[in-house]
Amino acid sequence: VDVVEAVFTPLPAAGPLALDYGESETQLALMNAIEPLEQGFNGAGVRIGFLDTTYDFDHQVFERLVAENRLIAVIDTTGQGAQSNTHGHTVASTAVGFREGTLIGPCWGGEVLAATTEFAPSETNQEEDAFVAGIEWMEMMGADIVNVSLGYSTFDAGQRSYTTADLDGDTGVTTRAADRAAQRGVVVVTSAGNEGSSPWQRITTPADGDSVITVGAVTAEGVRAGFSSTGPTADGRTKPDVVAQGASTVIARSGSGYAFANGTSFSSPLTAGVVCQILQANPGLSPIEVRDLLRSTASQANNPDNLLGWGIVNAAAAVQGAITVDNEVETPALAGFTLNAVYPNPFAERATLSFEAPAAASETHVRVYDLLGRVVAEPFTGRPAPGLNTIQFDAYDWPAGVYLLSLETQNGTVAQQIVKR
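Residues numbered from 1 in each chain as written. Predicted model: local features only at pLDDT ≥ 70, side-chain atom pairs only at ≥ 80, totals over all residues. Heavy atoms only, no water.

Some remarks on the overall build of the protein
Of the regular secondary structure elements, the protein holds 9 helices and 20 strands. Its C-alpha atoms give the protein a radius of gyration of 23 Å, within 12% of the compact-globule value 22 Å for 421 residues. Its C-alpha atoms give the protein principal-axis dimensions of about 80 × 50 × 40 Å. Looking at the protein as a whole, 58% of its 421 residues qualify as buried. Partitioning the intrachain contacts of the protein with sequence separation of at least 6 by distance along the chain shows that 75% fall at a separation of at least 24. (Helix = DSSP H or I, 4+ residues; strand = E, 2+ residues; numbered from the N terminus. Rg over C-alpha atoms; globule rule 2.2 N^0.38 Å. Buried < 20%, exposed > 50% of the residue type's maximum accessible area, 1.4 Å probe, protein only. Contact = heavy atoms within 4.5 Å.)

Quick notes on the environment of aspartate 179
In this structure, aspartate 179 sits in helix α6 (residues 173-183). A C-alpha to C-alpha distance of 27 Å links aspartate 179 and proline 199, two positions 20 residues apart in sequence. Non-local contacts of aspartate 179, meaning those with residues more than four positions away in its chain, are made with Gly169, Gly209, Asp210, Ser211 and Val212. Of the polar contacts made by the side chain of aspartate 179, one reaches the backbone nitrogen of serine 211; its length is 3.0 Å. (Polar contact = N/O pair within 3.5 Å; in protein donor to acceptor, adjacent residues only side chain to side chain.)

Let's talk about the pattern of salt bridges
Enumeration according to the criterion identifies 15 salt bridges in this entry. In this structure, glutamate 68 and arginine 64 form a salt bridge, with 2.8 Å as the shortest nitrogen-oxygen distance. Among the salt bridges present, the one from arginine 291 reaches aspartate 292, with a minimum N-O distance of 3.1 Å. Among the charged side chains, a salt-bridge network with shared partners connects Arg64, Glu68 and Arg70. (Salt bridge = Lys/Arg side-chain N within 4 Å of Asp/Glu carboxyl O.)

Okay, structure coming up:
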């Protein structure tokens, strides 16, 4: 059970950052997510879904999300009627909320899907079926990421419960559904569970999935929270995969106000928010590539264990790694043209592009597009000289973020991703 620890009243804060993160600065800083946020990696163009209880999107923390029409759809697959539990609301707020001076999530610019699949008053196997329906709906709705701050192990009397021997990645109903979604290209991020101090101790389903990203909890100081569930899986795999702050995490309360709360339910959406940043930087990454990127850049990447996995998430390193993966593909070529890598990339104020052109080349355009497909610059237009053409372009007034540099001729187009800091 996730525990709301203390209610607080936001206080104004000032600093050199572009945004005022308020109390949430601590949880973002621990996972090094502020740097990519300041560079424009806020999940823009990425669609994240939540499987949980109910939501309150009338809260001020979601005001911008709703006003910008980025709340795509909300459904209920439980068939159980109304419930008062708003766990889903608090979970979503940590990932996609935006209220300067109080709470900003790492994916505050993303698109959102929300499904109520959990009926809090009871714990029945019917909720597993509702989970499957919810995640299948999210696949159909084009979710890039699904956050699961739920776990299943022991059910009410008369229901089918699991044992720790069932944590093999192939038994749990929700585990199989989550892995199947990952195989179809959806990055599934799930909480490890809050059983670390209980007789169960281990992770719960679907956290045992071999293709999901399982997230444990640490304190603001980076020390493992005692309640955070541990690995390994029944078949010996290391879990969790990574950890983030899940103790005294800033959340939005339903109705109004904010609070500090405990639970891997909150370290999971923080990590899912970082996945938004990663996929904004490189939309072509597969779920396994995202998982491996998070692992390889985390705080104990070279010495994983079953308490912290590969360690505390490092968003800035993971985003930079995503960009590097994109830049390591073969240099694109087109009918005698070769578009070389922009340098530097990422860049702050100006950058240099170069391309090789054949003799008697036709009219050529080099354009820069934003993620909405709008032309923001045209560094070159005309007939290029044979051989190497080098152009420096200024980006002083561009918003930070990801852009597409495109070389276009009458015979086709080649492009590469560039990033303005």
